[in-house]
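# Coordinates in review
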Amino acid sequence: MEVPKTPLLMIIIVVASCFLHVKAWHGQTYCGGNAAPRCQLRYIDCPEECPTEMFPNSQNKICWVDCFKPLCMAVCRAIKPNCESYGSICLDPRFIGGDGIVFYFHGKSNEHFSIVSDPDFQINARFTGHRPAGRTRDFTWIQALGFLFNSHKFSLETIKVATWDSNLDHLKFTIDGQDLVIPQETLSTWYSSDKDIKIERLTQKNSVIVTIKDKAEIMVNVVPVTKEDDRIHNYKLPVDDCFAHLEVQFKFINLSPKVDGILGRTYRPDFKNPAKPGVAMPVVGGEDNFRTSSLLSHDCKTCLFSEDPAIASGSVKPKSTYTLLDCSRGASSGLKFVKSSSLMLIFLVVMLCFLRAKSQGVYCSNPYERCFQKYILCPQECPTTGAANSMNRVCYVDCSKPLCNSECRSGDGIVFYFHGKSNEHFSLVSDPEFQINARFTGHRPVGRSRDFTWIQALGFLFNSHKLSLEATKVATWDSGIVHLRFSFNGQELVIPEETLSTWYSLEKDIKIERPRKMNSVTITIKDKAEIMVNVVPVTKEDDMIHSYKVPLDNCFAHLEVQFRFFNLSPKVDGILGRTYRTDFQNPAKPGVAMPVVGGEDNFRTSSLLSHDCKTCIFTGLSGSVKWETKKYALLDCTRGASSGYGIICRK
């Protein structure tokens, strides 16, 4: 039945409007309600050199903005696998699992291994490599990937070449036993006949995204082993092979709880990673469990994949699945209207797009993050964007985490300063089973009545453990040197200077991970807190602006800290901790540029690892009551005062 012109026109206008508001289009990108205050609900113009879907270029770039930075500036960024993030396989082969743990799996040259195995989905890898004289194992890299899904068998592999030439395409594809040719044009796309497999070229050559419907998105890039790699690692490459191999990053959707494979099993909720913590190169074995007879077979000991449709379709689905109107798809999404329902459709389109624009959920727009292009609904207890309540709660999603869940975070959101005194210790958080103290460092120029101070060290008391980390004193800052020192239960603790190297306490209740090689760590206290720590100096510019008069022998390296708390008691105390009490009235004077809060005598402890302040309530007893309410705090020192939940930065 023909649709009346007026309603049809209205539908087109509404859909087009939503299209413009939700997706980067014609040179703009959008920051939602979860962004930094200056970026919230803003459209940011893209640089002219950025391509759009209508006008792609060969530079492999997209328009991207970090909505959590105060500048709100869009840049062009290249798309390629992030070898330092979840689900990546790079180098010789270095894995980062769904649990965030780095490990190596060497395998063997010219053999095949199961990467992911689920009842309805299988990914295998062929390893390539060689063994120089005198070595006991092969140097290996990923040379090919094989996919089994529904009735399809799909593979992509690198072509062997002696010398790398970036102007040539080194990728070869097959689908169901036939060679597959994908035009060498940026954003050229191929679909399987039933549209459940999609392959898209990110550049004209050597980079693709493979999408397996409702199961995975895989970013693939081809790279050689360079002469520099050969020199550093002493690979002793033969002259007839540069070992072109794959860098891969996986984004999985709807894996079953029993998923297996070298990488797949790390996404199981009950998986305990055998990678040895604290080791520079933790190697995981088990070749016999994951070996398959070919690239496109599923006959390993731990393989779960079945070609029987009845078994494959019985894989566990999530408890709840949301279907949302995709306002970014426009008329091409194939909507069909009938006369009797056209007005209702207009109403639904308007309402759903309104809800998205008002940020009743959070949209993850960073292509480097696990939740890219997902729209996550906020918990019902969260206020809408722009709404305020007494706890200043907001909807938050960590788009880099594999679960893609939203949460309400809170804190009183009030900025304040606490000066303390140089070389003294103060309680930041004190709860019956959890204590955090800080050591202040600083100096007092001639003529001043108080010290300039910064946080130099943190001390943690939890269960029977005592952990400390501190910034080391240096006259001149060198970003190429580690300025963090750790101790655990009275012993010096050494954490390898490798990105994502991880250390656990024996009981696994404390975890320390290096996000970067140097001067940054994330500390996780089980069921209590996550703490992000960064070491920075007082710069010459800081000194000039604030007239610190920093001495020549000390740049006052100090800590910037971000806390995220779980399960704090209603009576939590400490300089920062008390601000999470539901009944707390902050003494910081509103409207003052630098509101200073006192009370040094109430929070002073005798050492970094003691709990003897007047307001300390730490007992060390693990049988404390668990509280139903959870309070969250996150920090970014660049985000401005209004978003400063749980921040300790600067002086």
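Just so it is clear, the structure is predicted and the values come from calculations on it, not from any experiment.

Rules used in this analysis
- Here the residue index of a chain counts from 1 through its sequence in written order.
- Given that this is a predicted model, residues contribute local features only at a pLDDT of at least 70 and side-chain atom pairs are listed and counted only at 80 or more, while totals for whole chains, interfaces and linings are drawn from all residues.
- Side-chain numbers here rest on the full set of heavy atoms in the structure, without hydrogens or water.
- The helix count covers DSSP runs of H or I at least four residues long, the strand count covers runs of E at least two residues long, and both are numbered beginning at the N terminus.
- Three exposure classes are used, based on accessible area relative to the maximum for each residue type with a 1.4 Å probe and protein chains only: buried under 20%, partly exposed in between, and exposed over 50%.
- Note that accessible areas follow from Shrake-Rupley with a 1.4 Å probe, and for residues the cover is restricted to the protein chains shown.
- Nine residue types can take part in a nonpolar core, namely buried Ala, Val, Leu, Ile, Met, Phe, Trp, Tyr and Cys, and a core is a set of them joined through side-chain atoms within 4.5 Å.
- By the criterion applied in these results, polar contacts are pairs of N or O atoms within 3.5 Å in which, for protein atoms, one can donate a hydrogen and the other can accept it, and in which residues neighboring in sequence qualify only through two side-chain atoms.
- Here, two residues are considered to be in contact whenever any of their heavy atoms come within 4.5 Å of each other.
- Scored from 0 to 100, pLDDT records how confident the predictor is in each individual residue.
- Note on aromatic contacts: the rings of Phe and Tyr and the six-membered ring of Trp form a pair at centre separations within 6.5 Å, being stacked when their planes are under 30 degrees apart, edge-to-face when over 60 apart, and tilted otherwise.
- A ring has a charge above it when a Lys NZ or an Arg CZ is no more than 6 Å from the ring centre and no more than 35 degrees off the ring normal.
- The disulfide criterion used throughout: a pair of cysteine sulfur atoms within 2.5 Å.
- A pair of strands is labelled paired if DSSP reports no fewer than 2 bridges between them.
- When a carboxyl oxygen of Asp or Glu lies within 4 Å of a side-chain nitrogen of Lys or Arg, that pair is called a salt bridge.

With that out of the way, let us pick up the overall build of the chain. Regarding its fold elements, the chain presents seven helices and 36 strands. A burial count over the chain gives 52% of its 651 residues as buried. As presented, the chain carries roughly 31700 Å² of accessible surface, and 54% of it is formed by carbon and sulfur atoms.

Let's shift gears to the nonpolar core. Ranked by internal contacts, the top residues of the largest apolar core, which has 47 residues, are Ile-115, Leu-145, Phe-154, Leu-156, Ile-199, Phe-250 and Phe-252. Leu-467, Leu-469, Ile-495 and Ile-525 belong to the second-largest nonpolar core, a separate cluster that totals 42 residues.

With that settled, consider the side chain of Ser-114. With respect to the helices and strands, Ser-114 occurs in strand β8 (residues 112–118). With relative accessibility at 0%, the residue Ser-114 sits in the buried group. A distance of 3.4 Å separates the side chain of Ser-114 from the side chain of Gln-122, its partner in a polar contact. Residue contacts for Ser-114: discarding those within four places in its chain leaves Gln-122, Ile-123, Asn-124, Gly-261, Ile-262, Phe-290, Thr-292, Cys-300 and Cys-303.

For the chain, the average pLDDT comes to 77, and 69% of its residues sit at 70 or higher. Low confidence marks residues 352–359, where pLDDT is under 50. Its contacts with residues over four positions away, or in another chain, come to 20 contacts. Contacts for the low-pLDDT stretch residues 623–636, under 50 throughout, to residues beyond four places or in other chains number 50 contacts.

Further remarks concern the packing of aromatic side chains. With the rule as written, the count across this model stands at 23 aromatic pairs. Where Phe-426 meets Phe-440, the ring centres are 5.1 Å apart and the plane angle is 65 degrees; that geometry is what we call edge-to-face. Within this pair, whereas Phe-426 is found in strand β24 (residues 425–431), its partner Phe-440 is found in strand β25 (residues 434–443), the two being separated by 14 residues in sequence. For Phe-440, a relative accessible area of 4% corresponds to the buried category. Grouping aromatic residues by their ring pairs yields a cluster made of Phe-105, Phe-113, Phe-127 and Phe-290. Its end group placed over the ring of Phe-139, Arg-135 keeps NZ or CZ at 3.8 Å from the ring centre.

What follows is about the environment of Asp-308. Counting through the fold element by element, Asp-308 comes out in the loop between β19 (291–292) and α4 (309–312). The exposure class of Asp-308 is partly exposed, given its relative accessible area of 35%. Spatially, the C-alpha atoms of Asp-308 and Ser-151 are 9.4 Å apart, while their sequence positions differ by 157 residues.

For the rest of this paragraph, the subject is unusual backbone geometry. The bulk of non-glycine residues show a negative phi, and the bulk of peptide bonds are trans. Notably, Lys-195 is not glycine yet its phi reads approximately 60 degrees, a positive angle. Here Lys-195 shows up in the loop between β14 (189–191) and β15 (197–201). Notably, Asn-489 is not glycine yet its phi reads approximately 50 degrees, a positive angle. Within the secondary structure layout, Asn-489 lies in the loop between β28 (484–488) and β29 (491–493). Asn-489 gets classed as partly exposed once you look at its relative accessible area, which sits at 37%.

Under the definition given, this model contains three disulfides. In this model, Cys-300 is linked to Cys-303 through a disulfide, with the two sulfur atoms separated by 2.1 Å. For the disulfide bridge between Cys-300 and Cys-303, the dihedral angle about the S-S bond is near 115 degrees, and by the sign convention the bridge is right-handed. One disulfide in the model links Cys-613 with Cys-616; its S-S distance is 2.1 Å. Between Cys-613 and Cys-616, the S-S dihedral sits near 115 degrees, and the bridge is therefore right-handed.

So, on to the pairing of strand β31 (residues 510–513). Burial along β31 is two-sided: the face carrying Ile-510 and Ile-512 and the face carrying Lys-511 and Glu-513 are both buried. In the sheet, strand β30 (residues 502–504) pairs with β31 via three bridges, with the strands oriented antiparallel. In the sheet register, Trp-503 faces β31, and the bridge partner there is Ile-512. Linking β30 back to β31 in an antiparallel pair, the connection comprises five residues, with Lys-508 at a positive phi of about 65 degrees.

Tracing the chain through its elements places Leu-91 in the loop between β5 (88–90) and β6 (94–96). Sequence separation between Leu-91 and Tyr-104 is 13 residues; the distance between their C-alpha atoms is 9.5 Å. In this structure, Leu-91 is in contact with Thr-140, Trp-141 and His-245, ignoring residues within four places of it in sequence.

Going through the model one piece at a time under the given rule, you end up with 21 salt bridges. A salt bridge links Asp-118 to Lys-215; the nearest nitrogen and oxygen atoms lie 3.7 Å apart. Of this pair, Asp-118 sits in strand β8 while Lys-215 is found in the loop between β16 (207–212) and β17 (216–223), placing the two residues 97 residues apart along the sequence. Among the residues examined, Lys-215 registers a relative accessible area of 2% and is labelled buried. The salt bridge partner of Lys-153 is Glu-307, with a shortest N-O separation of 3.9 Å. Residue Lys-153 is located in strand β11 (residues 152–158), and its partner Glu-307 is located in the loop between β19 and α4; the two are separated by 154 residues in the primary sequence. Overlapping salt bridges bring together Glu-111, Asp-288 and Arg-291 as one network.

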